[in-house]
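# Structural description and commentary
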Amino acid sequence: RHYWLTLPLAVAGLLLLSSSTHWGVSLSLFWFLAAAATLGVQLAVHRHFAQSIPPTWLTCIQLAVTGLLGTLLSLLTEQWPADISHGIWGWFAASVLIATTLRYWLLTHALSGMTTAHAALLMLLEPVWTLILSTLFYDEPLGGAKLAGVGLVLGALVLYQLPLLLRSRKLKSPV
């Protein structure tokens, strides 16, 4: 129940974080909603299998399927350059092996110990971190709408956790 009560706050925060200077419905908003829905389905399926499959194997399976589908889609829809330098392949390998594999392994390991709703709300922190890092490294302007978006996302997380924290305190305190 807490999840469904805090979800509208989180969605409003995400919309503010992704907004530009004007409001309106655009194709990018539909891609954003499709990505969010897909992530929700992925978290639910991932959480289910994380209970029975070791994190290393589940990470390998997920990355292999994603890599194969991504490569197939790229071959069908994009034009590849005739020559790719060796340096590019090195950076590509580092990106895949270090950043992506480590991130997915950590995600899989963490998902095996939490509920799907909890995981979905924690994944809301990703755009907050992106905003913080883009402000620090790329001097992206931090306007009022983006600050309000961060506030709503963090507020949704606090409101979601608050009843759980209060319940655990009641259980721990002697009567």
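Within every chain, residues take consecutive numbers counted from 1 along the sequence as written. Only residues with pLDDT of at least 70 are given local features in this predicted model, and only at 80 or more are side-chain atom pairs given and counted; all residues enter the totals for whole chains, interfaces and linings. Calculated side-chain values reflect all of the structure's heavy atoms, with hydrogen atoms and water omitted.

### Here we look at the environment of Ser-74
A run of H or I in DSSP counts as a helix once it spans at least four residues, and a run of E counts as a strand once it spans at least two, with each numbered from the N terminus. With respect to the helices and strands, Ser-74 occurs in helix α3 (residues 55-77). Remark: the alpha-carbon pair of Ser-74 and Arg-47, spanning 27 residues in sequence, is separated by 28 Å.

### Looking at the pattern of salt bridges
Counted as salt bridges are all cases of a side-chain nitrogen of Lys or Arg within 4 Å of a carboxyl oxygen of Asp or Glu. All told, the structure shown has 1 salt bridge when counted by the stated rule. Its salt-bridge partner being Glu-140, residue Lys-146 comes within 2.4 Å of it at the nearest N-O pair. Residue Lys-146 is classed as buried on the basis of its relative accessible area of 17%. Working definition: with a 1.4 Å probe on protein chains only, accessible area under 20% of the residue-type maximum means buried, over 50% means exposed, and in between means partly exposed.

### Topic: a nonpolar patch on the surface
Nonpolar side chains (Val, Leu, Ile, Met, Phe, Trp, Tyr) are joined into patches within 5 Å and like charges within 9 Å, using only residues with over 30% relative accessible area and no salt bridge. Only the protein chains shown count as covering a residue, and every accessible area follows the Shrake-Rupley method with a 1.4 Å probe. Where nonpolar side chains cluster on the molecular surface, the patch consists of Leu-75, Trp-80, Trp-89, Phe-92, Val-96, Leu-97 and Ile-98 and spans about 750 Å² of accessible area. It is helix α4 (residues 86-111) that provides the largest number of residues to the nonpolar patch, a total of 5 residues. Mapped onto the elements, Leu-75 comes out in helix α3. Leu-75 gets classed as exposed once you look at its relative accessible area, which sits at 53%.

### Points about the confidence of the model for the protein
pLDDT expresses how confident the predictor is about each individual residue, on a scale running from 0 to 100. For the protein, the average pLDDT comes to 81, and 91% of its residues sit at 70 or higher. Taking the mean pLDDT of every element in the protein, the minimum, 69, falls on helix α5 (residues 116-122) and the maximum, 89, on α3.

### Topic: the packing of aromatic side chains
Stacked, tilted and edge-to-face are the three classes assigned to paired rings of Phe, Tyr and Trp, where Trp is represented by its six-membered ring and a pair needs centres within 6.5 Å; plane angles under 30 degrees give stacked, over 60 edge-to-face, the rest tilted. In total, this model carries 1 aromatic pair according to the counting rule given. On the basis of an interplanar angle of 85° and a centroid distance of 5.8 Å, the ring pair of Trp-89 and Phe-92 is categorised as edge-to-face. Taken together, the residues span about one helical turn, with Trp-89 and Phe-92 both in helix α4 at a distance of 3 residues. We classify Trp-89 as partly exposed; its relative accessible area is 42%. The exposure class assigned to Phe-92 is partly exposed, which follows from its relative accessible area of 49%. Cation placement over rings: the criterion is NZ of Lys or CZ of Arg within 6 Å of the ring centroid and within 35° of the ring normal. The aromatic ring of Tyr-104 is capped on one face by Arg-103, whose charged end is 5.2 Å from the ring centroid.

### Some words on the nonpolar core
We define a nonpolar core as any set of buried Ala, Val, Leu, Ile, Met, Phe, Trp, Tyr and Cys residues linked to one another through side-chain atoms lying within 4.5 Å. In this structure, Ala-10, Leu-14, Leu-17, Leu-124, Val-128, Leu-131, Val-150, Val-153 and Ala-156 together form the largest nonpolar core, which totals 9 residues. Elements represented by at least two residues in this core include exactly α1 (2-18), α6 (125-138) and α7 (144-172). Apart from residues lying up to four places away in sequence, Val-128 is in contact with Leu-17, Val-150 and Val-153. Counting 7 residues, the second largest nonpolar core, distinct from the first, contains Tyr-104, Leu-107, Leu-111 and Met-114. Whether two residues touch is decided by their heavy atoms; if any such pair falls within 4.5 Å, the residues are in contact.

### Re the packing of α3 against α4
Note on definitions: angles span 0 to 180 degrees between N-to-C directions of axes, and those axes are lines fitted to C-alpha atoms, for helices only across the stretch in contact. Where α3 meets α4, the axes come as close as 9 Å, and the angle between the chain directions of the two elements is 130°. Regarding the angle of α3 to α4, the classification is oblique. Classified by chirality, the crossing of α4 by α3 is right-handed. Where α3 approaches α4, its residues Pro-55, Thr-56, Leu-58, Thr-59, Gln-62 and Leu-63 are matched on the opposing element by Thr-100, Thr-101, Tyr-104, Trp-105, Thr-108 and His-109. Just so you know the grouping, Ala, Val, Leu, Ile, Met, Phe, Trp, Tyr, Cys and Pro go in nonpolar, Asp, Glu, Lys and Arg go in charged, and all remaining residues, Gly too, go in polar. Counted by class, the contact of α3 with α4 contains 5 nonpolar, 7 polar and no charged residues. Roughly parallel refers to an angle under 35 degrees, roughly antiparallel to one over 145, roughly perpendicular to one between 65 and 115, and oblique to any angle outside these ranges. Crossing handedness is defined as follows: a turn of the near helix away from the far one that is anticlockwise and smaller than a right angle gives a left-handed crossing, while the clockwise case is right-handed.

### A closer look at the packing of α1 against α7
Close contact between α1 and α7 brings their axes to 6 Å; oriented N to C, the two are set at 165°. If you check the angle between α1 and α7, you find them roughly antiparallel. Note on packing geometry: the crossing formed by α1 with α7 is left-handed. Contact residues: His-2, Tyr-3, Thr-6, Leu-9, Ala-10, Ala-12, Gly-13, Leu-14, Leu-16 and Leu-17 in α1; Ala-145, Lys-146, Ala-148, Gly-149, Val-150, Leu-152, Val-153, Ala-156, Leu-159, Tyr-160, Pro-163 and Arg-167 in α7. Of the residues assigned to the contact of α1 with α7, the class counts are 16 nonpolar, 4 polar and 2 charged.

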